[in-house]
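# Understanding the architecture of this molecule
These are the residues of each chain, in order.
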Amino acid sequence: MAASPKTIEANVDRVRETIASACARVGRSAAEVQIIGVTKTADLEDIKTLVRCGVTQLGESRVQQLTERAEQLAPWLAQQPLASEVRWHLIGHLQRNKVKPVLHATRIIHSVDSLRLAEDIDERAEQMDATVEVMLQVNCSQEPQKFGVAVGAACHLAELLGTLKNLRLVGLMTMAPLSENPENARPTFARLRELFDEIRGERLAHPDHFRHLSMGMSGDYPVAVEEGATMVRVGTALFA
Ligand SMILES: *Cc1c(COP(=O)(O)O)cnc(C)c1O
């Protein structure tokens with residue numbers, strides 16, 4: 001699906017303006033909110049346009065597509081002034097047998113939801129002499145089909161992740177239930193924010209590192225920003 005560069009540019013402007021107004025409504029600075037451009041429906045030219053617009057944080061939900069995209073983009077990227085700022089984020093579910101390939105392409109994973117997975121990442125990171133930034137995915141909406149640790153287990157798991165030397169717990173991530181009405185997402189985002197405050201308040205994670213709330217997608221990111229998101233994962237709103 002190729003969108004025209006002009007369309008993408010206009011979309012980026014609109015998303016930035018929407019984030020700025022949401023921040024203004026609740027007295028936040030727009031500089032606190034990063035756009036993660038989710039490229040799963042975009043083609044390579046779309047991604048280049050996005051990077052040219054200054055969207056340097058790119059997200060993919062599948063490991064194979066992330067590694068392919070990162071590889072395909074690399075030669076072009078190497079010639080761009082923004083090259084050193086571009087980062088791929090894994091935002092979708094990670095199977096334990098995919099830890100090795102994903103760490104060749106990214107050092108930030110939004111979807112850690114078990115100790116076993118975290119231990120695998122830590123072990124592989126140690127072999128690579130790397131530090132991997134991770135977020136704990138929480139199933140705040142308590143939907144049985146969703147990935148993510150249960151709300152009641154999140155604090156304990158956050159604390160355990162803190163003991164893994166090659167992981168850095170940088171925040172929490174959640175997905176709201178699909179809904180036509182963005183307001184339906186608000187309780188989910190507010191819950192994640194409460195958990196975040198609890199983990200910080202009880203110093204279960206390192207306060208210098210534990211700074212991010214990854215929440216909000218195309219249908220609900222303004223609400224997520226009002227509730228404290230520092231990373232919004234936006235795909236459709238950029239490319240459609
Ligand atoms: C696809 C996806 C998004 C972006 O969804 P849009 O509705 O296209 O903005 C965000 N987060 C995750 C985990 C996704 O898989």
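Data block above holds the structure.
A brief look at the structure comes next. (Residues numbered from 1 in each chain as written. Predicted model: local features only at pLDDT ≥ 70, side-chain atom pairs only at ≥ 80, totals over all residues. Heavy atoms only, no water.)

Further remarks concern the overall build of the protein. Secondary structure summary: the protein contains nine helices and eight strands in total. Its C-alpha atoms give the protein a radius of gyration of 17 Å, within 12% of the compact-globule value 18 Å for 240 residues. Expressed as lengths along the three principal axes of its C-alpha atoms, the size of the protein is roughly 45 × 45 × 35 Å. A total of 240 residues make up the protein; the buried ones form 50% of that total. Put simply, of all contacts in the protein between residues at least 6 apart along the chain, 64% involve residues at least 24 apart. As displayed, the protein offers around 11300 Å² of accessible surface, 48% of which is attributable to carbon and sulfur atoms. (Helix = DSSP H or I, 4+ residues; strand = E, 2+ residues; numbered from the N terminus. Rg over C-alpha atoms; globule rule 2.2 N^0.38 Å. Buried < 20%, exposed > 50% of the residue type's maximum accessible area, 1.4 Å probe, protein only. Contact = heavy atoms within 4.5 Å. Areas by Shrake-Rupley, 256 points an atom, 1.4 Å probe, with all protein chains shown as cover.)

Turning our attention to the nonpolar core. In this structure, Ile 109, Ile 121 and Leu 172 are the most contacted members of the largest nonpolar core, which totals 73 residues. Listed in part, the six residues of the second largest apolar core include Ile 36, Ile 108, Val 170 and Met 173. (Core = buried A, V, L, I, M, F, W, Y, C linked by side-chain atoms within 4.5 Å.)

Per the stated rule, a full pass over the model turns up 12 salt bridges. Linking Glu 133 and Arg 87 is a salt bridge whose minimum nitrogen-to-oxygen distance equals 3.2 Å. One end of the pair, Glu 133, is in strand S5 (residues 132–137); the other, Arg 87, is in strand S3 (residues 87–90), with 46 residues separating them in the sequence. A salt bridge links Arg 186 to Glu 226; its shortest N-O distance comes to 2.7 Å. With Arg 186 in helix H7 (residues 186–201) and Glu 226 in helix H8 (residues 221–226), this pair connects stretches of sequence that are 40 residues apart. Put simply, Arg 25, Glu 183, Arg 186, Glu 226 and Glu 227 are held in one network by salt bridges that share partners. (Salt bridge = Lys/Arg side-chain N within 4 Å of Asp/Glu carboxyl O.)

A word on the packing of aromatic side chains. Here the structure, examined in full by the defined rule, presents one aromatic pair. A ring pair is formed by Phe 196 and Phe 210, whose centres lie 4.8 Å apart and whose planes are at 20 degrees; its orientation type is stacked. Here Phe 210 lies in the loop between H7 and strand S7 (212–214) and Phe 196 lies in helix H7, a separation of 14 residues in the sequence. Assessed through its relative accessible area of 0%, Phe 210 is described here as buried. (Phe/Tyr/Trp six-rings, centres within 6.5 Å; stacked < 30°, edge-to-face > 60°.)

Next up on the list: the pairing of strand S8 (residues 231–234). In summary, the side chains of a regular strand alternate between the two faces of the sheet. Going residue by residue along S8, you find Met 231 and Arg 233 tucked away on one face and Val 232 and Val 234 tucked away on the opposite face as well. Where strand S1 (residues 34–38) meets S8, four bridges bridge the pair, whose relative direction is parallel. Note that in S8 the partner of Ile 35 across the bridge is Val 232. (Pairing = 2+ DSSP bridges.)

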